[in-house]
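Observations on chain architecture
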Amino acid sequence: MKHIAVIPGDGIGQEVIAAGMDVLDAVSEISSFQFDPEEVPIGSDRYLRTGELLTDEDIALLKSKDAIYFGAIGDPRVAPGVLEQGILLRMRAVFDQYINLRPVTSWFPLVPLKREVPFDIHFLRENTEDFYMGAGGEFGPSHGDPAHIHIRRETYDLDVDLKASASNGDDFAFEIGFLSTRGIERFADYACRYAKARGDSKVTLVDKANVCTHVYGLQREIFKRKTAEYGLDLEFMFVDAMAMAMIVRPETFGTVAVPNLFGDILTDLGAQLQGGLGMGGSGNINPEGVSMFEPIHGSAPDIAGRGIANPIAAVLAAQMLLENQGFPEEGKLLHDAVRNALDTRQTTPDLGGSLSTSEVGRGIADYVRSTRR
Ligand code: ATP
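None of these values were measured; they are calculated from a predicted model. (Residues numbered from 1 in each chain as written. Predicted model: local features only at pLDDT ≥ 70, side-chain atom pairs only at ≥ 80, totals over all residues. Heavy atoms only, no water.)

Observations concerning the site of the ligand
- Residues in close proximity to the ligand total 15 residues, the closest being G298, S299, A300, D302 and N310.
- In the environment of the ligand, an oxygen atom lies 3.3 Å from a nitrogen or oxygen atom belonging to the backbone of I73.
- Within the side chain of D302, an N or O atom sits 2.6 Å from an oxygen atom of the ligand.
- When the ligand is considered free in solution it has 600 Å² of accessible area, and contact with the protein chains removes 65% of it.
- Looking at the shell around the ligand residue by residue, the classes come out as seven nonpolar, six polar and two charged. (Near = heavy atom within 4 Å. Polar contact = N/O pair within 3.5 Å; in protein donor to acceptor, adjacent residues only side chain to side chain. Areas by Shrake-Rupley, 256 points an atom, 1.4 Å probe, with all protein chains shown as cover. Nonpolar A, V, L, I, M, F, W, Y, C, P; charged D, E, K, R; others polar.)

Take a look at the structure:
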């Protein structure tokens, strides 16, 4: 019995997770995947009612679960950043979900490329370090001479003192990227294990080691050692070259490890390659803890409440949840069910169909049930 916390959240999160739950129910009817979902009302409605974002009780409850199935957070009634920082980023930090897994799969005919070659890239984005640690500040005449940076993580407490002073009267702003040996090692380990499990013979590491020589130089050294230990080939790609290669030869990539900032950008490019925001699932993974699976899109207030949101991204997130929880065949079944929905044009308007969110979910659930042996 898998204990799954379900956080539909805001906007279309509510609608697509309802459809995803229909599909997971169907999976549990025909397979050994049994689950015990518990809905947790984290999101903007509760915040506006009570002022609570992520409470200690929420964290204790979520920690007791096997995995989290998450919709989206975001609401025009709340100032930008409040929900994202207070809920999403906090959750990633509390649960130390250091891998962001984003598959980019060709779903013909949605792929906007001229060459119809199938591809299946699995991006593993490091989710806790690099240039996204909030390690920045300002100095110069308007600010005085700082600068002290303090970063607290599950794995370390980092204090940085900068002796900064601007002599020419300019003000400066800075943002620092950090990578730690421990952070890189666990990232590299996961990437190698992932490549092995997928049957890939190489790991591609994306960076900009010719410019950011310090952080990405260290990362290269550790990846060299780890891939050698696992008997895997290692391919280096500069991020600019990678952006081009994803368009002209996406089929040449399998497991791709990418640091936080570049991963944010490349996976959005990937989302478009696979047919748009409604087609992408993602996992925030702590291999030793509680992982969270969600569609890559947000709450989409412009279409919320109209029943037209594409639930396929949420279904693909459910597929990743199943695979992560040790149910690869059931995961494959959801992949096939999505393929069937596309082939039979049982889709929402964004993909040219005329069905509602719940109808698409029901169609996918029916396909799952039809495979009962
Ligand atoms: P948030 O601030 O919560 O991230 P957002 O609206 O700024 O929300 P997204 O939800 O990521 O950003 O999506 C951008 C746009 O893409 C939406 O406004 C919507 O029109 C479209 N979109 C996103 N997800 C879907 C979906 N599942 N089905 C159909 N259209 C979608």
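Topic: the nonpolar core
- In terms of nonpolar packing, the biggest core is built from 81 residues, with Y69, F123, F223, M242, I312, V338 and I364 touching the most fellow members.
- Sorting elements by how many residues they give to this core places helix α9 (residues 312-324) first, with nine residues.
- Residue contacts for F223: discarding those within four places in its chain leaves I184, F187, A188, A191, V203, L205, L234 and A257.
- Membership of the second largest hydrophobic core comes to 19 residues, among which are L54, I59, M91 and F95. (Core = buried A, V, L, I, M, F, W, Y, C linked by side-chain atoms within 4.5 Å. Buried < 20%, exposed > 50% of the residue type's maximum accessible area, 1.4 Å probe, protein only. Helix = DSSP H or I, 4+ residues; strand = E, 2+ residues; numbered from the N terminus. Contact = heavy atoms within 4.5 Å.)

Focus on the environment of E329
- Mapped onto the elements of the fold, E329 is located in helix α10 (residues 328-343).
- E329 sits in the exposed class, given a relative accessible area of 60%.
- In the structure, E329 is positioned 298 residues away from S31 in sequence and 9.4 Å away in space, judged by C-alpha atoms.

What to know about the environment of H148
- Relative to the elements of secondary structure, H148 occurs in strand β7 (residues 148-152).
- Remark: the alpha-carbon pair of H148 and Q14, spanning 134 residues in sequence, is separated by 42 Å.
- Residues contacting H148, with those up to four places away along its chain left out, are D159, V160 and D161.

Some points on the packing of helix α3 (residues 56-63) against helix α4 (residues 82-94)
- Interaxial distance between α3 and α4 falls to 12 Å at its minimum, and their mutual angle equals 50°. Judged by the inter-axis angle, α3 sits oblique to α4. The chirality of how α3 crosses α4 is right-handed. Contacts between α3 and α4 involve D56, I59, L62 and K63 from the former and R90, M91 and V94 from the latter.
- Its residues assigned to classes, the contact of α3 with α4 comprises four nonpolar, no polar and three charged. (Axes fitted to C-alpha atoms, helices over the stretch in contact; angles between N-to-C directions. Parallel < 35°, antiparallel > 145°, perpendicular 65-115°, else oblique. Left-handed = near helix turned anticlockwise from the far one by under 90°.)

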